[in-house]
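# Chains, contacts and geometry: an overview
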Amino acid sequence: MLTKYPIARGFLFLLPTLSVLAEISQIGVVGGPFHGLQSGPNGKILSQAGAFANFAYPEKLITGSASHSIPSGGSTAVSASIALDDDTFTELAPSEVFWSFDNSGLSISGSSLFAEALPEKRVLEIRGEYDEYHSTFVIIVLADEELAREFNLGHLPEALRSAIELEAEGWRESTWFGVFFDARNGWIYHADLGWLHAADEGPEHAWFWNSSMEWLWTGNSVYPHLYRNRDSAWLYFFKQAKPEKVFYNHQTELIERDSEK
């Protein structure tokens with residue numbers, strides 16, 4: 001005689017009943033079928049709805065953003081899913097994932113990644129963690145033009161901030177001081193005077209330092225005359241003597257040559 005025994009999730013198997021005291025042997029697969037599937041253009045299953053198959057195991061976490069680059073101060077959608085070993089994916093809500101960044105100017109709220117306004121373009125890494133799985137992706141945050149201008153000029157003394165940008169990156173030309181390269185760290189390379197450390201002295205004047213001449217003061221209505229602080233001497237720079245750096249010392253009435261490169 002055959003007796004029906006229910007197996008988990010609705011499977012029924014016909015098993016023989018040997019006797020009242022006989023051991024009952026049940027063979028079956030625990031787990032129900034999917035209730036819905038979504039397939040891509042090539043027919044492969046991309047996502048599933050309903051109970052998981054017993055033999056579909058999580059393999060890795062996949063994270064990403066809707067856009068690979070965003071404007072400074074902008075946002076983009078983020079997504080996360082668990083890839084299973086049967087080529088299906090289980091989508092996760094971004095709030096289920098622990099996110100970390102290599103820059104404090106990023107934040108995630110809901111399903112969106114937000115970037116603060118930045119003065120320069122940056123490539124930033126976003127890391128997501130879910131249980132024992134983790135995944136990273138990168139996003140490019142473009143520079144804010146106004147902040148970029150302030151950042152690029154912020155290392156220059158005020159008297160040089162009106163210098164126009166030349167075609168070669170970093171090079172500028174001042175109407176009174178000539179052509180120079182801005183290293184954006186307080187140092188400039190002047191086409192005639194070489195490397196100088198620049199310090200602010202208001203809108204019309206500035207201080208410049210190198211190891212041989214030390215501190216020199218000049219300005220819009222002063223250059224090519226320079227005041228040398230260490231001996232209170234006024235110098236006149238002979239631009240015509242290039243590539244040598246030749247100065248006339250008004251105090252000693254002698255010619256000086258600067259060996260600083």
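Attention here is on the structure that accompanies the text. (Residues numbered from 1 in each chain as written. Predicted model: local features only at pLDDT ≥ 70, side-chain atom pairs only at ≥ 80, totals over all residues. Heavy atoms only, no water.)

Picture the strands of a sheet paired through backbone hydrogen bonds; they go either parallel or antiparallel. The strand order β14-β15-β16-β17-β18-β19-β20-β21-β22-β23-β24 describes an open sheet built from 11 strands, whose pairing is antiparallel. Looking along the sheet, the strands with just one partner apiece sit at the ends: β14 (164-165) and β24 (254-257). Sheet topology places strand β16 (residues 178-182) next to strand β17 (residues 187-190); three bridges connect them, and they run antiparallel. Counted as the bridge partner of Phe181 is Tyr189 from β17. (Pairing = 2+ DSSP bridges. Helix = DSSP H or I, 4+ residues; strand = E, 2+ residues; numbered from the N terminus.)

Turning next to the pattern of salt bridges. This model, assessed by the stated rule, comprises eight salt bridges. The partner of Asp258 in a salt bridge is Lys245, and the shortest N-O contact between them spans 3.7 Å. With a gap of 13 residues between them, Asp258 in the segment after β24 and Lys245 in the loop between β22 (233-238) and β23 (246-249) connect regions that are remote in the sequence. Under the relative-accessibility criterion, Asp258 is labelled buried at 10%. Salt bridges here are not isolated pairs; linked through shared partners, they connect Asp192, Lys239 and Lys242. (Salt bridge = Lys/Arg side-chain N within 4 Å of Asp/Glu carboxyl O. Buried < 20%, exposed > 50% of the residue type's maximum accessible area, 1.4 Å probe, protein only.)

So, on to unusual backbone geometry. The residue after Tyr223, namely Pro224, is reached through a cis peptide bond having omega 15°. In this structure, the amide linkage connecting Lys242 to the following residue, Pro243, adopts the cis form with an omega of 10°. Checked against the element boundaries, Pro243 lands in the loop between β22 and β23. Even without glycine at this site, Asp87 takes up a positive phi of about 70°. Owing to a relative accessible area of 44%, Asp87 belongs among the partly exposed residues under this scheme. Of note in this structure, Ser232 is not a glycine but carries a positive phi near 55°. Along the chain, the position of Ser232 falls in the loop between β21 (225-228) and β22.

In this section: the pairing of β23. Across four bridges, the pairing between β22 and β23 is antiparallel. Paired with Leu235 across the two strands is Asn249, which belongs to β23. In terms of strand pairing, β23 meets β24 through four bridges, oriented antiparallel. The residue bridging Phe247 from the neighbouring strand is Glu256, located in β24. Linking two consecutive strands that pair antiparallel, namely β23 and β24, is a turn of four residues; a positive phi of about 60° is found at Glu253 within it.

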